[in-house]
Amino acid sequence: MNPFKYLLHLFEQLPQLPDPKDPEALDSLMPWSSSLPLTCRVFKAD
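The rules behind each value
Residues numbered from 1 in each chain as written. Predicted model: local features only at pLDDT ≥ 70, side-chain atom pairs only at ≥ 80, totals over all residues. Heavy atoms only, no water. Helix = DSSP H or I, 4+ residues; strand = E, 2+ residues; numbered from the N terminus. Buried < 20%, exposed > 50% of the residue type's maximum accessible area, 1.4 Å probe, protein only. Contact = heavy atoms within 4.5 Å. Polar contact = N/O pair within 3.5 Å; in protein donor to acceptor, adjacent residues only side chain to side chain. Arc of directions from axis to C-beta.

Attention shifts here to the environment of Q13. Here Q13 shows up in helix α1 (residues 3-13). Its relative accessible area of 28% is what places Q13 among the partly exposed residues. Along the chain, Q13 and L26 lie 13 residues apart, while their C-alpha atoms are 9.9 Å from each other.

Right under this line is the structure:
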């Protein structure tokens, strides 16, 4: 996880949520969510 990119994504998306207390909407923003953009992820070179 790239912390800077992840937090940037959160700060951009959280204000746009219709209901910030909706667990399903928040679940899509969790670090383990597969719906996060690839820019938030760090890939290791083998």
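There is more to say after this.
What follows deals with the environment of R41. Counting through the fold element by element, R41 comes out in the segment after α2 (23-27). Spatially, the C-alpha atoms of R41 and N2 are 5.6 Å apart, while their sequence positions differ by 39 residues. Once residues within four sequence positions are removed from consideration, R41 is found in contact with M1, P31, S33, S34, S35 and L36. A polar side-chain atom of R41 sits 2.5 Å from the main-chain carbonyl oxygen of S33.

Where α1 is concerned, the buried positions are Y6, H9 and L10. End-on, the buried residues of α1 take up no more than an arc of 100°, which puts them together on one face. Residues of α1 that are exposed and angled more than 90 degrees away from the buried face: F4 and F11. For α1, the N-terminal cap is N2; the gap from its side-chain oxygen to the backbone nitrogen of F4 is 3.2 Å.

This next bit is on the side chain of S33. Within the fold, S33 resides in the segment after α2. Residue S33 is classed as buried on the basis of its relative accessible area, which comes to 9%. Within the local environment of S33, its side chain forms a polar contact with the backbone oxygen of S28, the two atoms lying 3.1 Å apart. Ignoring any residue separated from it by four or fewer positions in sequence, one finds S33 in contact with D27, S28 and R41.

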